[in-house]
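Residue-level structure breakdown
What follows is the residue order along each chain.
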Amino acid sequence: MTNEKKLTGAGLLFNVLEQHGVEHVFGYPGGAIMPIYDALYDSKVEHFLCRHEQGAAFSAVGYARASGKVGVCFATSGPGATNLITGLADALADSIPIVAITGQVATAAMGSDAFQEIDIFGLSLACTKHSFQVTDINDLEKVLHQAFAIALEGRQGPVLVDIPKDIQITEVNRCLDKLVNLENKVKLPPANVGSAIALLNQAKQPILYVGGGVGMANAIDELRDFATTTGLPSVSTLKGLGAIDPEDENYLGMLGMHGTKAANIAVQECDLLIAVGARFDDRVTGKLNEFAPHAKVIHFDIDTSEINKRRIADASILGDLKVNLPALAIPLAIKPWQAVCHEMNNNFAWDYNHPGELIFAPAVLKEISDKMPKNSCVTTDVGQHQMWAAQHMVFDDPSNFLTSAGMGTMGFGIPAAVGAQVSRPTDCIIAVSGDGSFMMNVQELSTIKRFQLPVKIVLIDNAKLGMVRQWQDLFFNGRLSETDLADNPDFIMLANAFDIKAKMITKKSQVSAAIEEMLEHDGPYLLQVKIDAQENVWPLVPPNTANDKMMEST
Amino acid sequence: MNNYQLMITADDKQVVLERILQVTRYRGFLINGINAKVNTGTNIGTIELLVRSERPIELLVDQINKLIDIKEVKIDNHAS
Ligand SMILES: Cc1ncc(C[n+]2csc(CCOP(=O)(O)OP(=O)(O)O)c2C)c(N)n1
Ligand SMILES: [Mg+2]
């Protein structure tokens, strides 16, 4: 008999993490998670100390989105755990697989309002795909395997595992040698493609509406084959960007509130909408009952609850896109409609002519996009700069454009870039941020410094909460309430304080050289781009308006 | 407002009722009545849920079905 040393719960956690191929975790220690941090000390798993648990959660999200692996984050009980919540909500809205491990006060103290006790299990119900609280050490191993399985299975999402401190230090035998294979709970019947094929064959003006589900299903190749075989004109959601080949001549760009004129008009005129991994979000549809008013709908999804949720589908194709897209890939006779779409693409192309000396953000972002190395990954924060990045940068894979789409969370960009850089150390990672959003997780510059991550930050600086200012100007009679940021800190000094090289530009003539300097720089770099505070994002579909009634730049 | 009756079977987890109630409220259904019990032999819980809403009941059924611990959701009647 070997006198094999027994594992503690904390040791078992790292065993299971290694079994799932986890190499990197993001986190922040504290009292109730100290046994786990003690076990980390002996583990092969590399830990990235973030400077706020929200940063750790977003780094896990960025890691997952950039790599396709599960992102993992740790936080202590109470305030550590509550600080994760925004990241969990963001991951839920965008279907991102992360596993969050929280420490909890010891089981005997639970329910007594103990120091740093909060019912994170209760709080998790509305912001995770699933959650566990482990109160019996013998459940721990199985629960951890289930957490990874659930995060990845079907429609992906965040899972939280709350582990009381006594469970972390209790000794336990490993019981399962192999990973448990969860029986797939949702057994979908094989998709009935017959009626969908009929709809496809009848359509004269069909449009392919591509969402984030395509990237999550890892079905980029199948989608592109489908687009090529059918010849369908296509549009993309914010999260779907990169799924359709940007060179596809039938691609019309992003649809929705800040979508291209061509995409929105084509969707409004289409007679068949083929939604693939998309969920008819209100930012996409505008006024719902006037969205694509003449269209029948074929809806592909893995999540039954998305079918008929906001728009009734005439045919629904449930299940794995990798299997179902090829089943519908048939050539279509839609030449005249393609020609109409090509003409719209030509007529409504972006115009980068912009008078004056002041820098035009869309042109800067386009130039960065043209000059960045292949396989660069761009993250954004939330606001005007985010919409300009979505409109004017070109992505050839959804894992190269990480933006908080469903939740629209300011503070996403910098920590997401940290996670992306950790997962893809040799790729160029560019965070496009705004002067408002940047300050929401500015402490993560410290994480960039600590791990010498060569993240490039492009700070589009209008000294405003620009997107809100735009709405105040357009829809609130120009009453500019609390959107001026004229008292921003000196961003160059701020970056320098974290050993990040930084430069500010204010004139068009400085743009090209500055972009090249940033891209050639070896380490982290912040490029502060001062722009005119009055610039707006165009086109804009006003709230509760049909998508073809967009406002345009005057 | 339409009234509906759902029969839900679920794994016996302490949290499962909370999850069902949270989803029901969030998705826009008001609860008229609830009756829940556990078969200690099989560890299966049955929950009878009476709800009303302007929204089609399928929206709620699909969302409850998505909860990991739920085994089955049946619509018992379409009374309104
Ligand atoms: C956490 C959070 N708080 C508030 C908002 C609302 N909001 C959306 S855009 C925006 C302004 C963002 O300002 P900035 O980052 O400077 O971007 P800009 O629009 O100026 O490019 C605000 C306040 C949000 N999306 N997220
Ligand atoms: Mg701004």
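Calculation rules
- Residues numbered from 1 in each chain as written.
- Chains lettered and ligands numbered in written order.
- Predicted model: local features only at pLDDT ≥ 70, side-chain atom pairs only at ≥ 80, totals over all residues.
- Heavy atoms only, no water.
- Helix = DSSP H or I, 4+ residues; strand = E, 2+ residues; numbered from the N terminus.
- Rg over C-alpha atoms; globule rule 2.2 N^0.38 Å.
- Buried < 20%, exposed > 50% of the residue type's maximum accessible area, 1.4 Å probe, protein only.
- Contact = heavy atoms within 4.5 Å.
- Areas by Shrake-Rupley, 256 points an atom, 1.4 Å probe, with all protein chains shown as cover.
- Lys, Arg positive; Asp, Glu negative; His and termini not counted.
- Charge placed at Lys NZ, Arg CZ, Asp CG, Glu CD.
- Donors = N, O, S within 2.8 Å, 3.2 Å for Na, K, Ca; no water.
- Pairing = 2+ DSSP bridges.
- Axes fitted to C-alpha atoms, helices over the stretch in contact; angles between N-to-C directions.
- Buried area = accessible area lost by both parts, 1.4 Å probe.
- Salt bridge = Lys/Arg side-chain N within 4 Å of Asp/Glu carboxyl O.
- Near = heavy atom within 4 Å.
- Polar contact = N/O pair within 3.5 Å; in protein donor to acceptor, adjacent residues only side chain to side chain.
- Nonpolar A, V, L, I, M, F, W, Y, C, P; charged D, E, K, R; others polar.
- Core = buried A, V, L, I, M, F, W, Y, C linked by side-chain atoms within 4.5 Å.
- pLDDT = per-residue confidence, 0-100.
- Disulfide = S-S within 2.5 Å.
- Phe/Tyr/Trp six-rings, centres within 6.5 Å; stacked < 30°, edge-to-face > 60°.
- Lys NZ or Arg CZ within 6 Å of the ring centre and 35° of its normal.

Quick word on the overall build of chain A
On a plain count of helices and strands, chain A comes out with 23 helices and 20 strands. Its C-alpha atoms give chain A a radius of gyration of 24 Å, within 12% of the compact-globule value 24 Å for 554 residues. Dimensions of chain A, computed from C-alpha atoms along their principal axes, come out at roughly 80 × 60 × 40 Å. Considering chain A as a whole, with its 554 residues, one finds that 57% of them fall into the buried category. Summarising the internal contacts of chain A: among those between residues at least 6 apart in sequence, 75% fall at separations of at least 24. Put simply, chain A shows about 22,200 Å² of open surface, and 51% of that area lies on carbon and sulfur atoms. Between the averaged position of the 43 positive side-chain charges in chain A and that of its 64 negative side-chain charges there is a distance of 2 Å.

Notes on the coordination of the magnesium ion (ligand 2)
All names here are of chain A. Bound to the magnesium ion (ligand 2) on the protein side are Asp-435 (OD), Asn-462 (OD1) and Lys-464 (O), at distances that span 2.1 to 2.2 Å. Every donor residue of the magnesium ion (ligand 2) comes from the same chain, spaced as D-x26-N-x1-K. For Asn-462, a relative accessible area of 7% corresponds to the buried category. Look at Lys-464 and you get buried, because its relative accessible area is 14%.

Notes on the sheet that holds strand S3 (residues 46-49) of chain A
All names here are of chain A. What the 6 strands build is an open sheet, ordered S3-S2-S4-S5-S7-S6; its pairing is parallel. Of all the strands in the sheet, just S3 and strand S6 (130-133) have a single pairing partner and so form its edges. The sheet shows a mean angle of 20° between the axes of neighbouring strands, direction not considered. Here S6 pairs with strand S7 (residues 159-164) via 4 bridges, running parallel.

A short note on the interface of chain B and chain A
Residue-level contacts link 13 residues of chain B with 14 residues of chain A. Summed over both partners, the interface of chain B with chain A comes to about 1,200 Å²; 55% of that surface belongs to carbon and sulfur atoms. For the pair chain B and chain A, the number of links is 1 salt bridge. Across the pair A:Asp303 and B:Lys66 runs a salt bridge whose closest N-O atoms are separated by 2.7 Å.

Description of the environment of B:Ile31
With respect to the element layout, B:Ile31 can be found in strand S2 (residues 30-39). Between the C-alpha atoms of B:Ile31 and B:Leu21, which are 10 residues apart in sequence, the distance is 8.5 Å.

Remarks on the site of ligand 1
All names here are of chain A. Of all residues adjacent to ligand 1, which total 17 residues, the nearest are Gln-384, Gly-408, Gly-436, Ser-437 and Gly-466. One nitrogen or oxygen atom from the main chain of Met-410 is found 3.3 Å from a nitrogen atom belonging to ligand 1. Here Asn-462 contributes a side-chain N or O atom positioned 2.9 Å from an oxygen atom of ligand 1. In isolation ligand 1 has 590 Å² of accessible area, and contact with the protein removes 77% of it. Split by residue class, the shell around ligand 1 holds 6 nonpolar, 9 polar and 2 charged.

Points about the nonpolar core
All names here are of chain A. With 90 residues, the main nonpolar core has Leu-208, Leu-273, Ile-274 and Ile-298 as its most contacted residues. Setting aside residues no more than four positions away along its own chain, Ile-298 makes contact with Ala-196, Leu-199, Leu-200, Leu-272, Leu-273, Ile-274, Ala-275, Ala-315 and Ile-317. Ala-57, Ala-64, Ile-414 and Ala-417 belong to the second largest nonpolar core, which has 50 residues in total.

A few points about the confidence of the model for chain B
For chain B, the average pLDDT comes to 93, and 96% of its residues sit at 70 or higher. Across the interfaces of the predicted complex, the ipTM metric reaches 0.96, alongside a pTM of 0.97.

Things to note about the side chain of A:Gln528
Residues and elements named next belong to chain A. Here Gln-528 shows up in strand S20 (residues 525-530). Relative accessible area serves as the criterion here: at 4%, Gln-528 is assigned to the buried category. A polar contact of 2.8 Å, which involves the side chain of Gln-528, links it to the side chain of Asp-461. Those residues in contact with Gln-528, other than ones at most four positions away along the chain, are Leu-459, Asp-461, Phe-491, Ile-492, Lys-503, Met-504 and Ile-505.

Structural notes on the sheet that holds strand S4 (residues 70-77) of chain B
Residues and elements named next belong to chain B. Strands sit in the order S2-S3-S1-S4 across an open sheet of 4 strands; the sheet is antiparallel. With partners counted over all chains shown, the strands left at the sheet margins are S2 and S4, one partner each. Each strand axis lies, on average, 15° off the axis of its neighbour in the sheet, ignoring direction. The pairing of strand S1 (residues 2-11) with S4 spans 6 bridges and is classified as antiparallel. Bridging from a neighbouring strand, Leu-6 pairs with Ile-75 of S4.

Points about the state of the cysteines
Residue and element names in this part refer to chain A. For the structure on display, the rule yields 0 disulfides over all chains. Here Cys-428 is not disulfide-linked; the sulfur of Cys-377 is the nearest cysteine sulfur, at 9.2 Å. Residue Cys-428 is classed as buried on the basis of its relative accessible area, which comes to 15%.

A closer look at the packing of aromatic side chains
Residues and elements named next belong to chain A. Under the criterion given, the structure shown has 13 aromatic pairs over all chains. Aromatic side chains Phe-58 and Phe-412 sit 5.4 Å apart centroid to centroid with 70° between the ring planes, which places their arrangement in the edge-to-face category. Here the residue Phe-58 occupies a position in helix H3 (residues 53-67), and Phe-412 occupies one in the loop between strand S16 (401-402) and helix H18 (413-423), the gap between them amounting to 354 residues. Under the relative-accessibility criterion, Phe-412 is labelled buried at 0%. When the ring of Phe-280 is compared with that of Phe-291, the centres are 6.1 Å apart and the planes differ by 85°; the resulting orientation is edge-to-face. Of this pair, Phe-280 sits in the loop between strand S12 (272-276) and helix H13 (282-285) while Phe-291 is found in the loop between H13 and strand S13 (296-301), placing the two residues 11 residues apart along the sequence. Across this residue pair, the class does not change: Phe-280 and Phe-291 are buried. Over the aromatic face of Tyr-352 sits the side chain of Lys-366, whose NZ or CZ is 5.7 Å from the ring centroid.

Describing unusual backbone geometry
All names here are of chain A. Between Trp-538 and the following residue, Pro-539, the backbone shows a cis peptide bond with an omega angle of -10°. Structurally, Pro-539 can be placed in the segment after S20. Phi is positive for Ala-292, close to 40°, though the residue is something other than glycine. For Ala-292, the location among the structural elements is in the loop between H13 and S13. Of note in the backbone geometry, Asn-544 takes a positive phi value of approximately 55° without being a glycine. Looking at where Asn-544 falls in the secondary structure, it is placed in the segment after S20.

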